[in-house]
Amino acid sequence: MLRHIISILIENESGALSRVAGLFSARGYNIESLTVAPTEDPSLSRMTILTSGSDEVLEQITKQLNKLVDVVKVVDLSEAAHVERELMLIKVRATGKDREEMKRMADIFRGRIIDVTESTYVIELTGASSKLDSFIAALDAGLILETVRTGVCGIGRGDRILKV
Amino acid sequence: MISGAEIVIRCLQEEKVDCVFGYPGGSVLHIYDALFKQDQVKHILVRHEQAAVHAADAYSRSSQRVGVALVTSGPGVTNTVTGIATAYMDSIPMVVLTGQVPSFYIGQDAFQECDTVGITRPCVKHNFLVKDVKDLAITIKKAFHIASTGRPGPVVVDIPKDITAQMCEFDYPKTIQMRSYNPVVKGHLGQIKKAVQILQEAKRPIIYTGGGVILSDAAEQLTRLAHKLNFPVTNTLMGLGGYPATDKQFVGMLGMHGTFEANNAMHYADVILAIGARFDDRVIGNPEHFSEEKRRVIHIDIDPSSISKRVKVDVPIVGNVPDVLEEIMKLMDGGFKTDPELGNWWKQIDEWRGRESLRYKQSEHIMPQFVMEKLYEVTGGNAFVTSDVGQHQMFAAQYYKFDKPRRWINSGGLGTMGVGLPYGMGVLMANPDAQVACVTGEGSIQMCIQELSTCKQYGFPIKIINLNNGMLGMVRQWQEMFYSKRYSQSYVTSLPDFVKLAEAYGHVGMKIEKPEDVEPALRKAFTEHKNDLVFMDFIIDPGANVFPMVAAGKGLTEMILAEDL
């Protein structure tokens, strides 16, 4: 069960997202995260799906995605060199001695504090999903008030380009 | 400038659609009005929307054209879902036009509103909601293009009522380009060369073909190739007629109710040439058991996702079947020799044939197999046979020898009871002079029995062969074999008098209770009542079962034969 990042170029039509999501649920494939937004060409959306499965399952996932009429291109980013990022916003309790500690932790992980109140911080953190996981693990769970993550997005390195 | 409704009809005319099956309602009244004002596109008024879609589906199956259905919003749409899913599972090209509430009402729970695109999404090849009258013509063009190319399938076009009232210039595009949809047609030559090499080395080969051969009209190429190779040929349920059943190389249907020789040949083959088939659970049984034998698999299919889905394939060839088969034959002309061991393989197959796995015992009652044999004789093997789903379907598939493609019309993938009668209507609209036999049972026929009324209105002379055992036969067979004869809800009481029922609808009814009356009744129906719908209620042996049988989860060679019991 390997982790795969599937990138999809899809027609930016209403319902396109539900076709992809519906395919995954109908055929019992995993979605660990899914992000989607229009590209520089507003008629196309780029979708990134983090999934997992055996080689056979991944072969079926790419074939089934390609079969969707709205899908223009599909690539498994994790097959070759790529970079991946995820953004997290995390709201933490920041009072007393924890206030200084939170600031220090954010600095260590190269996060930025983007909202400050008397008792809370909101920290913005970008990186590979594993880095975000580590940050959460490094904090005292009792101090985490809220987390929100965008899910993974990724892009091939160098000449690997996904474009029409 | 013409109205959206007129655009819909003009599009159908441009696509050379000669008939649509449908049912009017509020959201499609403009379209029905436009339909009224012309006579190029005929309309068949069904009695239930499900039947409209089944009929359009059979129109496609029995011809090379795209069937069209037209229904209203809400319940009109939900009633079509079974029909659309049936067509989708068997890859049938079809366009379903659905009315929708006016676009400014969408999302407000308006009267007869439903989320058509959402409800049908998992069972269509693609669907559209038209949001602007300017997009109407091109959307319908796309629908026909998508439905009929690549791996075919049903396409739904949902049209809000206000769009059908708006005025617009009509310009029907001749061709269509879609950057996101370009199905592969031509097979990869390198792969085809590899395939030919493997065919040459095959010692125990089999050609295994499915619905893809029928859909791509490749029966002629398949027959030529098989004769050149002298390999045995088996068909799936959906592939029957793709290869002549009376040919000596034909070993019968394979799978759950396949012949002893077909299932053994498939299992023990060292090379499988799979063409337009998908190794589904009803065909190969338990995949672990199937993969115990070492073999090489060549798979030709238009749909890459069908390849290596359930069985690992050694040589995948994505392409249009007739073109790929022509390429193979072209390469074979450069000096092709089959392996000398092929003779021994044929000896083995003949030994398997010697088991006569389709033999059955006569009884004092009418045996359903006997009715099928007589139907074959009386119609000279030339009928279009539509069937419902159950034991009768398997008996028809086993005992009616289809020599031609597009003559066997049944729901293979979804297994939809009730399709038989509307399928007959669709066949007759595409082939007005055809002899049509609808093989059914007293369970299935009642699922769309209301269409007897449509048949009267349009004079569809379908011959209904009702194999009546007073039981849901296939359910009863499983309960007998796997549930210690606990016949839970498989016994149908209070059956109607089918003769009187047929007569009430204005048709001819017959009840046949003795074996010696079977043939005369069939002859009478197909000659004297050639132009009538005849409902033949055959009271058959209630204990008759379908054999051979590969129980669910068992391997292909673990067949239960009639003689074992």
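Our subject in this report is the structure included herewith. (Residues numbered from 1 in each chain as written. Chains lettered and ligands numbered in written order. Predicted model: local features only at pLDDT ≥ 70, side-chain atom pairs only at ≥ 80, totals over all residues.)

1. Description of the overall build of chain A
At step 1: Looking only at helices and strands, one finds four helices and nine strands in chain A.
At step 2: When the helices and strands of chain A are listed from N to C terminus, the series reads β-α-β-β-α-β-β-α-β-β-α-β-β.
At step 3: Seen through its C-alpha atoms, chain A measures out along the principal axes to roughly 55 × 35 × 35 Å.
At step 4: Burial statistics for chain A: of 164 residues in total, 27% are counted as buried. (Helix = DSSP H or I, 4+ residues; strand = E, 2+ residues; numbered from the N terminus. Buried ≥ 20, exposed ≤ 12 C-beta atoms within 10 Å, placed from the backbone.)

2. Considering the nonpolar core
At step 1: Ranked by internal contacts, the top residues of the largest apolar core, which has 204 residues, are Val8 and Val95 of chain B.
At step 2: With near-sequence residues (within four places) excluded, Val95 of chain B lies in contact with Val66, Val68, Ala143, Phe144, Ala147, Val155 and Val157 of chain B.
At step 3: Among the nonpolar cores identified, the runner-up in size contains twelve residues, and Met88, Met102, Ile123 and Leu125 of chain A belong to it. (Core = buried A, V, L, I, M, F, W, Y, C linked by C-beta atoms within 7 Å. Contact = placed C-beta atoms within 7 Å.)

3. Concerning the sheet that holds strand E4 (residues 71-76) of chain A
In a beta sheet, neighbouring strands pair by backbone hydrogen bonds and run either parallel or antiparallel.
All names here are of chain A.
At step 1: Strand order in the open sheet made by the four strands is E2-E3-E1-E4, with antiparallel pairing throughout. Each edge of the open sheet carries a strand with a single partner, namely strand E2 (33-38) and E4. Neighbour-to-neighbour, the strand axes of this sheet turn through a mean angle of 15°, independent of strand direction.
At step 2: Of the strand pairs in this sheet, strand E1 (residues 2-11) and E4 are connected by five bridges, and their pairing is antiparallel. Pairing of Leu9 across the sheet is with Lys73, part of E4.
At step 3: Of the strands in this sheet, E1, E2 and strand E3 (44-53) are in contact with helix H1 (residues 16-26), which crosses E1 at around 150°.
At step 4: Its contacts with the sheet put helix H2 (residues 55-67) on E1, E3 and E4, and the angle it makes with E4 is roughly 165°. (Pairing = 2+ DSSP bridges. Axes fitted to C-alpha atoms, helices over the stretch in contact; angles between N-to-C directions.)

4. A short note on helix H18 (residues 391-399) of chain B
At step 1: Taken across its nine residues, H18 of chain B has eight buried, putting it largely inside the fold.
At step 2: Along H18 of chain B, the residues classified as buried are Gln391, His392, Gln393, Met394, Phe395, Ala396, Ala397 and Gln398 of chain B.

5. A look at the pairing of strand E5 (residues 82-93) of chain A
Residue and element names in this part refer to chain A.
At step 1: Pairing of E5 with strand E9 (residues 153-156), which is carried by four bridges, proceeds in the antiparallel orientation. Across the sheet, Glu84 pairs through a bridge with Gly154, a residue of E9.
At step 2: Pairing of E5 with strand E7 (residues 120-127) involves eight bridges; the strand directions are antiparallel. The residue bridging Ile90 from the neighbouring strand is Ile123, located in E7.

6. Description of the pairing of strand E12 (residues 271-275) of chain B
Residues and elements named next belong to chain B.
At step 1: Buried residues dominate E12, accounting for five of its five residues.
At step 2: Neither face of E12 is open: one carries Val271, Leu273 and Ile275, the other Ile272 and Ala274, and all of them are buried.
At step 3: Strand direction decides the pairing type here: strand E9 (residues 205-209) and E12, joined by five bridges, are parallel. Opposite Tyr208, over in E12, you have Ala274 as the bridge partner.
At step 4: As judged from the five bridges shared by E12 and strand E13 (residues 296-301), these two strands associate in the parallel manner. In the strand pairing of E13, Leu273 is matched with Ile298.

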